[in-house]
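Architecture and fold: a report
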Amino acid sequence: MASEPKTKPTDVPVEDFIATVDHAKRRADAMVIHKLLTQVSGEKGVMWGPSIIGYGRYKGPTGEWPLHGFSPRKTNLVLYFAPEFPEREVLLARLGPHKSSLSCVYVTDLNKIDLDVVRALAVASAASTRARHPD
């Protein structure tokens, strides 16, 4: 039996968390991504643990998780999408400067990436996850 995930939804308001982000540019970038993912998902952002903002939910084999999300870290903005879906590599190639690993896409400068591609990643990732994990 899989252990219970440590990353769980909290009651901390997303805007309160974003307001605590030290770096002004990273804080502003977080608001841009928060608005974009809220619009794409049609869901209110929820804090998952102390630093991840998630949108939507699905139940996977290890518990409940957000469909996609992000975290404004000190050195970069980390976007969380499904690790595998058909459009992933094509979209990442169009994103702009980034690094990626499994579910994480690391962006240093939001002004250098294509936000329409972020939108497409969120939509495709959520659709793929819902197809793999129907309610």
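Above this text is the structure in question.
We now turn to the structure provided with this report. (Residues numbered from 1 in each chain as written. Predicted model: local features only at pLDDT ≥ 70, side-chain atom pairs only at ≥ 80, totals over all residues. Heavy atoms only, no water.)

**Things to note about the environment of Leu 121**
As a reminder, the rule being used: The helix count covers DSSP runs of H or I at least four residues long, the strand count covers runs of E at least two residues long, and both are numbered beginning at the N terminus. Buried means the residue's accessible area, taken with a 1.4 Å probe over protein chains only, is under 20% of the maximum for its type, while exposed means over 50%, and partly exposed covers the values in between. We call two residues in contact whenever any of their non-hydrogen atoms come within 4.5 Å of each other.
Within the secondary structure, Leu 121 is located in helix α4 (residues 115-132). The class of Leu 121 is buried, set by a relative accessible area of 0%. Distance from Leu 121 to Leu 95, taken between C-alpha atoms, is 9.3 Å for residues 26 residues apart in sequence. The contact partners of Leu 121, leaving out residues within four places of it in the chain, are Phe 81, Phe 85, Arg 88, Leu 91 and Leu 92.

**Topic: unusual backbone geometry**
For Leu 102, which is not glycine, the phi dihedral falls at a positive 35°. Mapped onto the fold, Leu 102 is located in the loop between β7 (99-101) and β8 (104-107).

**A few points about helix α3 (residues 88-95)**
We count it as follows: The directions considered for the arc are those from the helix axis to the C-beta atoms.
Residues of α3 that are buried include every one of Arg 88, Leu 91, Leu 92 and Leu 95, and no others. Angularly, the buried residues of α3 cover 100° about the axis, an arc narrow enough to put them on a single face. Summarising the geometry of α3, the exposed residues directed more than 90 degrees from the buried face are Glu 89, Val 90, Ala 93 and Arg 94. Positive backbone phi, approximately 115°, marks Gly 96, located one or two places after α3.

**Structural notes on the environment of Asp 114**
Formally: For the purposes of these results, a polar contact is taken to be a pair of N or O atoms within 3.5 Å, where, inside protein, one atom must be able to donate a hydrogen and its partner to accept one; residues adjacent in sequence count only when each atom of the pair is a side-chain atom.
Within the secondary structure layout, Asp 114 lies in the loop between β8 and α4. Taking the C-alpha atoms as reference points, Asp 114 and Phe 70, separated by 44 residues in sequence, lie 16 Å from one another. For Asp 114, the contacting residues outside a window of four places in its chain are Arg 94 and Leu 95. At a separation of 2.9 Å, a polar atom in the side chain of Asp 114 contacts the main-chain amide nitrogen of Asp 116.

**Things to note about the sheet that holds strand β6 (residues 77-80)**
To be explicit about the condition: Between any two strands, pairing holds if DSSP finds at least two bridges. Every axis in this analysis is a line fitted to C-alpha atoms, fitted for helices over the stretch in contact. Angles between the N-to-C directions lie between 0 and 180 degrees.
Here we have six strands laid out as an open sheet, ordered β1-β2-β5-β6-β8-β7, and antiparallel in their pairing. Both outer strands of the open sheet, β1 (46-48) and β7, are each paired with one neighbouring strand and no more. Each adjacent strand pair in this sheet contributes to an overall mean axis angle of 25°, direction not counted. Contacting β7 and β8, α3 runs over the sheet at an angle of about 5° to β8.

**Details of the nonpolar core**
Applied cut-off: The nonpolar core is taken to be a set of buried Ala, Val, Leu, Ile, Met, Phe, Trp, Tyr and Cys residues, with the residues joined through side-chain atoms within 4.5 Å.
One finds Ile 33, Ile 53, Phe 70, Leu 79, Phe 81 and Val 118 to be the most contacted residues of the largest nonpolar core, which totals 28 residues. Broken down by secondary-structure element, the contributors of at least two residues to this core are α1 (14-19), α2 (24-41), β2 (52-55), β6, α3, β8 and α4. Setting aside residues no more than four positions away along its own chain, Phe 81 makes contact with His 68, Arg 88, Ser 103, Val 105, Val 118, Leu 121, Ala 122 and Ser 125. In this structure, Trp 48, Val 78, Tyr 80 and Cys 104 belong to the second largest nonpolar core, which totals five residues.

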